[in-house]
Amino acid sequence: MTTSEDTGPGPTTDQRGGAGSPGDQLRRLLVDEAPCVLMGVHDGLSARIAVEEGFRALWASGLCISTALGVRDSDEASWTQLLNSVESMVDNTRVPVLVDGDTGHGNFNTARRFASRAERIGAAGVCFEDKTFPKMNSFFGAGHELVPVAEFCGKIKACKDGQQDPGFVVVARTEAFIAGQPVDEAVARAEAYAAAGADAIFVHSRQPTAVEIAAFSARWHGRVPIVIAPTTYHRTTLDEFHQLGVGGVIWANQSMRAAFSAMRKACRDMRSSGVISGVEEEIASLKEIFALLGYEDLEREERRYASFDPPVLSTVTGGNAP
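All values reported here derive from a predicted model rather than from experimental measurement. (Residues numbered from 1 in each chain as written. Predicted model: local features only at pLDDT ≥ 70, side-chain atom pairs only at ≥ 80, totals over all residues. Heavy atoms only, no water.)

Judged by how many residues are buried, strand β4 (residues 125-129) sits mostly within the fold: five of five residues are covered. With burial as the criterion, each face of β4 is covered, one bearing Gly125, Cys127 and Glu129 and the other bearing Val126 and Phe128. A crossover connection joins strand β3 (residues 97-100) to the parallel β4 through helix α5 (residues 108-120); in handedness this β-α-β unit is right-handed. Strand direction decides the pairing type here: β4 and strand β5 (residues 169-174), joined by five bridges, are parallel. The residue of β5 that forms the bridge with Gly125 is Val169. Between β4 and its parallel partner β5, the chain crosses via helix α6 (residues 149-162), and the hand of that crossover is right-handed. (Buried < 20%, exposed > 50% of the residue type's maximum accessible area, 1.4 Å probe, protein only. Helix = DSSP H or I, 4+ residues; strand = E, 2+ residues; numbered from the N terminus. Right-handed = clockwise from strand over helix to strand, strands pointing away. Pairing = 2+ DSSP bridges.)

Below, the structure written as structure tokens:
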């Protein structure tokens, strides 16, 4: 993991998001007056771009990382693969990264190990959902079974008891609405998860409007911050979410979907035309990529470090200093 003393092409100090651990930084953002927007990213490059464009926190999306690995968001990627991607995000930025931990990849012990590893590589926190393992992406199909409340509470408590940094954030995500349950069930689960130690509650919905989020927030009363991902109710504004008392808004998968569309279009255009000249005006220049990744910094450092002759401080002859 990179530290504040590292040099090289990494992000500058003013991108760190303030003093304290990554978890401390995320906690402050989630209780700011305005909702904190966490940009969904899937690798080191997408993380760098998001930070370059001004996002103060990142969501390491399980869907996006899985898609980038060429597999489905149904626990097909191992948690080691996911955290390897997260490590590249942390190493390439200085803003807090909240990790999508799916269901914790099993029971309380696998969740605890996942959270511990995420903390060690420098993530700000983890988020676990209360569905059965293996899970299916929440926007696909109807088979979304929830685990018993007590089982998920044990998972949350194990992660909280096992963390080393008091600031590390554990977010409990309830899929009650995704499973077709009423607001009573969503609130009851969220209350139990907060009592078990969750630092925030992620309320998930796939309705075309924020009606379920509004119903939940009306009964929540700010016990811990609410986090949402308005993928399907994307017309709702940040001001409206603010009025609902939402602390964190995750733009979870738009960056990956944009990259998906751009890559597919470029491949199709080049394949159909037989030349690459047609796409050059639509894609990033190498100069732009080199600038983002700090190639000029490396060139300067090469002149400084590739060959270095230290000055002679003293000469010892016959055991006596001159």
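Enumeration over the complete set of coordinates arrives at one cavity of 30 Å³ or more. Taken as a whole, the largest cavity encloses approximately 140 Å³ of empty space. Of the residues belonging to the lining of the largest cavity, the class tally is seven nonpolar, six polar and five charged. (1 Å grid on protein atoms, 1.4 Å probe; cavity = no way out; pocket = protein on both sides within 12 Å on 5 of 7 lines; lining within 4 Å. Points joined across faces, edges and corners; volume = space filled by probe spheres on them. Nonpolar A, V, L, I, M, F, W, Y, C, P; charged D, E, K, R; others polar.)

On to the side chain of Arg173, then. Take Arg173: it is sitting in strand β5. Residue classification places Arg173 among the buried positions, given a relative accessible area of 6%. The contacts of Arg173, once residues within four sequence positions are left out, are Trp59, Asp100, Cys127, Phe128, Glu129, Asp130, Ser138, Phe152, Phe202 and His204. (Contact = heavy atoms within 4.5 Å.)

Counting residues in hydrophobic clusters, the biggest one holds 55 residues, and the most contacted among them are Leu58, Val86, Val99, Val126, Ile201 and Phe216. When residues of this core are assigned to their parent elements, the largest contribution, five residues, is made by helix α4 (residues 79-92). When near neighbours in sequence (up to four residues on either side) are disregarded, Val99 contacts Trp59, Ala60, Leu83, Val86, Phe114, Ala123, Gly125, Val126 and Cys127. (Core = buried A, V, L, I, M, F, W, Y, C linked by side-chain atoms within 4.5 Å.)

Moving on, we get to unusual backbone geometry. Going from Phe133 to Pro134, the amide bond is cis rather than trans, its omega being 0°. Tracing the backbone through its elements, the reader meets Pro134 in the loop between β4 and α6. One non-glycine residue, Asp75, lies in the positive phi region at around 60°. Relative to the assigned elements, Asp75 resides in the loop between α3 (62-68) and α4. By relative accessible area, Asp75 is classed as buried at 15%. Located in the positive-phi region is His105, a residue other than glycine, with phi close to 60°. Positionally, His105 belongs in the loop between β3 and α5. Residue His105 is classed as buried on the basis of its relative accessible area, which comes to 10%.

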